[in-house]
Amino acid sequence: MESIIKHLMEITGHRDHDLLNISVISALSELTHASRARVLDVLHVGEKTFVKAQITIAEGKLEASEDHLDHLTPEVPIEQLPKLAAGLMQHSSVIEDADDHGNRTIWLPIWMNDKVNVCLEIYNPAVYSENTKEVMGGILVVYRNFQNLLDYSERDSLTGLLNRKTFDDNFSKIIRTGLQRQLHDNPELVEVERRDSNREKQHWLAVLDIDHFKRVNDTFGHLYGDEVLILVANLMRSSFRPTDKLFRFGGEEFVILLRSTSKEDAQMIFERFRENVARYPFPQVGTVTISIGFAHIDPFEPAVGIIGRADQALYFAKSNGRNRVCHYEDLVQSGALHIEHSQDSVEFF
């Protein structure tokens, strides 16, 4: 009981979605002695629904999600989990399944206004008595209440992505991670690492904009414009990893913090997302395209400077045909972007 109380204290003490999810799935894993417990994202893209693992605890240990290219692994269509799909259709609060070998799976959808974006999964629990169910129910009530509080203050009301005021905290976490990694690897090479963004996995910031969005609003009306924003946000969730942070800054402008990958992989990820949007049949509107500008996150530079660089790459993309991805550092090296430094260190493009 002491460990459960400790987990409840952790849950109620967090003001961060990731830490909140880790705390609740750790509590359920420990309570049921499950061989595996996961937090699943339930992604709605148009009329299709997908499931994607966000956090996994196996044999009592939290699995790292940044040590492999899990963004290359596609999400699972809900049809591959028929019991879960049927339970969600019936608005069930607890969904159970057992395979031919007796392995048991319990899904706990987190319902928010008749919609599920997160589902907790317990696989092969060793303990699952009536008393355990009662404690699990209490944990889920606390979890749901805190999710509601965080969503109200941190999420964009239309798209469900993180809002602009949460950007600084998330950016600071990435900066701290980058500095700690550099200092841990070799303190004497910090300055060298700073100049070389392609030697290893790095963090990246991208600014993306929906092409000709004003034309969509003017032609089809704001209701269809809002639907385009919602569908683009859903495509973002299905295209990026749970460790990447997705923001709506306002209007048709979005920002992505892409964690721990090489420049080549970052380019590929952004290109794949751009293609996903271009191929998607938007109701009534038809084809919609996006432009993306991205830049390397240098932990020694402020966020405003990095956003400015990604924004310049975005402006170049929109001024040169749209529906393309541009990398700031490549544009500078190729001479496509010219920078002049004034005496007060302001950069002019």
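Residues numbered from 1 in each chain as written. Predicted model: local features only at pLDDT ≥ 70, side-chain atom pairs only at ≥ 80, totals over all residues. Heavy atoms only, no water.

In the annotation of an unreviewed UniProt entry, the entry for the protein reads diguanylate cyclase, and the organism field reads Undibacterium danionis. Regarding the protein, the relevant UniProt record gives this comment under Catalytic activity (unreviewed entry): "2 GTP = 3',3'-c-di-GMP + 2 diphosphate". (UniProt positions renumbered as here; feature names shortened; annotations may be inferred.)

**Q** Requested: an account of the overall build of the protein, with residues and values cited.
**A** Assigned secondary structure in the protein consists of eleven helices and 14 strands. Split into buried and exposed, the 349 residues of the protein put 47% on the buried side. Pairs at least 24 residues apart make up 62% of the contacts formed inside the protein by residues separated by at least 6 positions. (Helix = DSSP H or I, 4+ residues; strand = E, 2+ residues; numbered from the N terminus. Buried < 20%, exposed > 50% of the residue type's maximum accessible area, 1.4 Å probe, protein only. Contact = heavy atoms within 4.5 Å.)

**Q** Which residues make up the packing of helix 8 (residues 222-239) against helix 9 (residues 263-279), and what are the values?
**A** Relative to each other, helix 8 and helix 9 sit at 140°, their axes nearing to 10 Å. Classified by the angle their axes make, helix 8 and helix 9 are oblique. In this structure, the crossing between helix 8 and helix 9 has a hand that is right-handed. Judged by residue contacts, Val232, Leu235, Met236 and Ser239 of helix 8 engage Arg272, Phe273, Asn276 and Val277 from helix 9. Taken together, the residues that form the contact of helix 8 with helix 9 break down as five nonpolar, two polar and one charged. (Axes fitted to C-alpha atoms, helices over the stretch in contact; angles between N-to-C directions. Parallel < 35°, antiparallel > 145°, perpendicular 65-115°, else oblique. Left-handed = near helix turned anticlockwise from the far one by under 90°. Nonpolar A, V, L, I, M, F, W, Y, C, P; charged D, E, K, R; others polar.)

**Q** Can you lay out the side chain of asparagine 21 for me, pointing to particular residues and giving the numbers?
**A** By the element assignment, asparagine 21 lies in helix 2 (residues 17-32). Here the side chain of asparagine 21 touches glutamine 54 through a polar contact of 2.8 Å, side chain to side chain. (Polar contact = N/O pair within 3.5 Å; in protein donor to acceptor, adjacent residues only side chain to side chain.)

**Q** An account of the packing of aromatic side chains is requested, with residue identities and associated values reported.
**A** Enumeration over the complete set of coordinates arrives at nine aromatic pairs. Between phenylalanine 167 and phenylalanine 247 the ring centres are 5.4 Å apart and the planes differ by 70°, which places this aromatic pair in the edge-to-face class. Linking phenylalanine 167 in helix 5 (residues 167-185) with phenylalanine 247 in strand 9 (residues 245-250), this pair joins segments that are 80 residues apart in sequence. Judged by relative accessible area, phenylalanine 247 falls into the buried class, the value being 0%. For the ring pair phenylalanine 240 and phenylalanine 270, a centre distance of 6.1 Å and an interplane angle of 50° mean the geometry is tilted. (Phe/Tyr/Trp six-rings, centres within 6.5 Å; stacked < 30°, edge-to-face > 60°.)

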